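Commentary on secondary and tertiary structure
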Amino acid sequence: MSVSFQQISAFKSYSSWAKDSVFQFVRPNSANTNNRSARWTTPSAAIIPNFHLPMRSYEVKNRTSTDGIRSLRLITAIKTPYLPDGRFDLEAYDALVNMQIEDGADGVIVGGTTGEGQLMSWDEHIMLIGHTINCFGTSIKVIGNTGSNSTREAVHATEQGFAVGMHAALHINPYYGKTSLEGMVAHFQSVLPMGPTIIYNVPSRTGQDIPPPVIHTIAANANFAGIKECVGHDRVKTYTGTGITVWSGNDDECHDSKWDYGATGVISVTSNLVPGLMRELLLRGKNPLLNEKLLPLIKWLFCEPNPIGVNTALAQLGVVRPIFRLPYVPLPLAKRVEFVNIVNGIGRENFVGEKDVKVLEDDDFMLVGRY
């Protein structure tokens, strides 16, 4: 059967469905317009069956199973560095990813909040996912943040992300405009068929929690890998108690989430700076002393909204240029001095890069508003 015939059949099936359905809309010019007893239909009756053919490939090169994603423990939300004109600094980016590989990270999130996907065009976004897969896809798992508050955009970006080879997708619930719980389920079910997927729950950014009933509903999908959960230990336990894979989204809680509440691991910002120590925290048993040692660094990183702290830190460590895409700006001088003290306290050898940590002056930073 030809593709064109299948598509025509799909349209015919829809026409038949619309004709036979008990959910019929009353046309404004219909004779029933003034009939008060005419049947009113719920909004759900207007949902059109999806007759679009999926854009996907079953070639196995670089493909990863959902179970393969579930096994990842340390996933770094990788920073995106910039050139003076605001374009991506791919040389610095490659160096950052190589440092993650050398220090034992299992995966990277490309274009997440830390990677400033919110400041990228979709062309930039998909290019960076493809570049990461092309250069590092056999050494580390690449998870593309292709989520959006627009289902149409999320579907399109996820198709493209898997087409260029990403191993899994990260999806957030529709933010700002929000939706109902039924809308969340429909949104996630629109992207789950494309490949392994991690759902991301961060109400502090989206303004809306993804409650357990939504996760339990979509967990039946074979491509649901698990959830990055930022609500706290009790929520983590709710999921792990029913066999759902959870990555902590809070670096300051990840040690206890892992060892006391059953989380698989963490999707981390801090591991941009100290991937080796974060791996040790998650793989070598309970280590409250190391956890306590890292807490001042974690607190410093999140004293302002992420990724301001990690951008400032990596610039002070000399591994990226001190260039910020607005609206992000570096932490103030007092905080930059504090960071040098934190690095010296933990040990410079535990941080990425080889240059001495420096207190950068205000004039050392470049802020780019058009790029």
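Residues numbered from 1 in each chain as written. Predicted model: local features only at pLDDT ≥ 70, side-chain atom pairs only at ≥ 80, totals over all residues. Heavy atoms only, no water.

1. Let's talk about helix H14 (residues 333-346)
The end-to-end C-alpha distance of H14 is 20 Å, a good match for the 20 Å that 14 residues give at a rise of 1.5 Å each. Listed in full, the buried residues belonging to H14 are Arg336, Phe339, Val340, Ile342, Val343 and Ile346. End-on, the buried residues of H14 take up no more than an arc of 165 degrees, which puts them together on one face. Within H14, the exposed residues directed more than 90 degrees away from the buried face are Ala334, Asn341, Asn344 and Gly345. Those residues of H14 that are buried lie in contact with helix H11 (275-283), helix H12 (288-301) and helix H13 (308-316). Downstream of H14 by a residue or two, Gly347 has a phi angle that is positive, lying close to 115 degrees. (Helix = DSSP H or I, 4+ residues; strand = E, 2+ residues; numbered from the N terminus. Expected span 1.5 Å × (residues − 1). Buried < 20%, exposed > 50% of the residue type's maximum accessible area, 1.4 Å probe, protein only. Arc of directions from axis to C-beta. Contact = heavy atoms within 4.5 Å.)

2. Overview of unusual backbone geometry
In the segment running from Asn306 into Pro307, the intervening peptide bond is cis, with an omega of 20 degrees. Looking at the secondary structure, you find Pro307 in the loop between H12 and H13. Residue Pro327 is reached from Leu326 by a cis peptide bond, and omega for that bond is 20 degrees. Here Pro327 shows up in the loop between strand S9 (323-325) and H14. Positive phi, normally seen in glycine, also occurs at Glu116, with a value near 65 degrees. Looking at the secondary structure, you find Glu116 in the loop between strand S2 (107-110) and helix H4 (122-136). Exposure remark for Glu116: the relative accessible area of 1% places this residue in the buried category. Even without a glycine there, the phi angle at Lys178 is positive, about 60 degrees. On the secondary structure map, Lys178 appears in the loop between strand S4 (168-172) and helix H6 (181-191).

3. Comments concerning a nonpolar patch on the surface
A cluster of nonpolar side chains, Leu326, Val329 and Leu367, forms an exposed patch at the surface whose accessible area comes to about 220 Å². Tracing the backbone shows Leu326 in the loop between S9 and H14. Look at Leu326 and you get partly exposed, because its relative accessible area is 35%. (Patch = residues over 30% accessible without salt bridge, like charges linked within 9 Å, V, L, I, M, F, W, Y side chains within 5 Å. Areas by Shrake-Rupley, 256 points an atom, 1.4 Å probe, with all protein chains shown as cover. Salt bridge = Lys/Arg side-chain N within 4 Å of Asp/Glu carboxyl O.)

4. Concerning the packing of aromatic side chains
To describe a pair of aromatic rings, you give the distance between the ring centres and the angle between the ring planes. Per the counting criterion, the structure on display carries four aromatic pairs. Both rings, one in Tyr82 and one in Phe88, keep their centres 6.4 Å apart while their planes meet at 35 degrees; by these two values the pair is tilted. The burial state of Tyr82 is the same as that of Phe88; both residues are buried. Grouped by ring-pair contacts, the aromatic residues Trp300, Phe339 and Phe351 constitute a single cluster. The ring centre of Tyr200 lies 4.0 Å from the NZ or CZ of Lys228, which sits over that ring. (Phe/Tyr/Trp six-rings, centres within 6.5 Å; stacked < 30°, edge-to-face > 60°. Lys NZ or Arg CZ within 6 Å of the ring centre and 35° of its normal.)

5. Quick word on the packing of helix H3 (residues 90-102) against H4
For any two helices packed against each other, the geometry is given by the interaxial angle and the distance between the axes. Viewed as axis vectors pointing N to C, H3 and H4 meet at an angle of 50 degrees, and their least axial separation amounts to 11 Å. Relative to H4, the element H3 lies oblique. You can see that H3 and H4 cross each other, and the crossing is right-handed. For the pair H3 and H4, the contacting residues are Leu90, Tyr93, Asp94, Val97, Asn98 and Ile101 in the first and Leu128, His131, Thr132 and Phe136 in the second. Class assignment for the residues of the contact of H3 with H4 results in six nonpolar, three polar and one charged. (Axes fitted to C-alpha atoms, helices over the stretch in contact; angles between N-to-C directions. Parallel < 35°, antiparallel > 145°, perpendicular 65-115°, else oblique. Left-handed = near helix turned anticlockwise from the far one by under 90°. Nonpolar A, V, L, I, M, F, W, Y, C, P; charged D, E, K, R; others polar.)

6. Observations concerning the sheet that holds strand S8 (residues 265-268)
Spatially, S1-S2-S3-S4-S5-S6-S7-S8 is the arrangement adopted by the eight strands of the closed barrel, whose pairing is parallel. Ignoring strand direction, the axes of neighbouring strands in this sheet form an average angle of 25 degrees. Judged from the three bridges that link them, strand S1 (residues 74-77) and S2 form a sheet pairing that is parallel. Counted as the bridge partner of Ala77 is Ile109 from S2. (Pairing = 2+ DSSP bridges.)

7. What about the pattern of salt bridges?
Applying the stated rule across the entire model yields 12 salt bridges. Linking Lys335 and Glu338 is a salt bridge whose minimum nitrogen-to-oxygen distance equals 3.2 Å. One end of the pair, Lys335, and the other, Glu338, are both in helix H14, three residues apart, so they sit about a helical turn from each other. We classify Lys335 as partly exposed; its relative accessible area is 25%. On the basis of relative accessibility, which here comes to 31%, the residue Glu338 falls in the partly exposed class. Here the salt bridges do not stand alone but share partners, grouping Arg73, Asp106 and Arg279 into one network.

8. Topic: the pairing of S2
Within a regular strand, the side chains alternate between the two sheet faces. Here S2 shows two buried faces, one formed by Gly107 and Ile109 and the other by Val108 and Val110. On the question of chirality, the crossover connecting S1 to the parallel S2 by way of H3 is right-handed. Two strands pair when backbone bridges link them, and S2 and strand S3 (residues 141-145) are joined in this way by four bridges, in the parallel orientation. The residue of S3 that forms the bridge with Gly107 is Lys141. (Right-handed = clockwise from strand over helix to strand, strands pointing away.)

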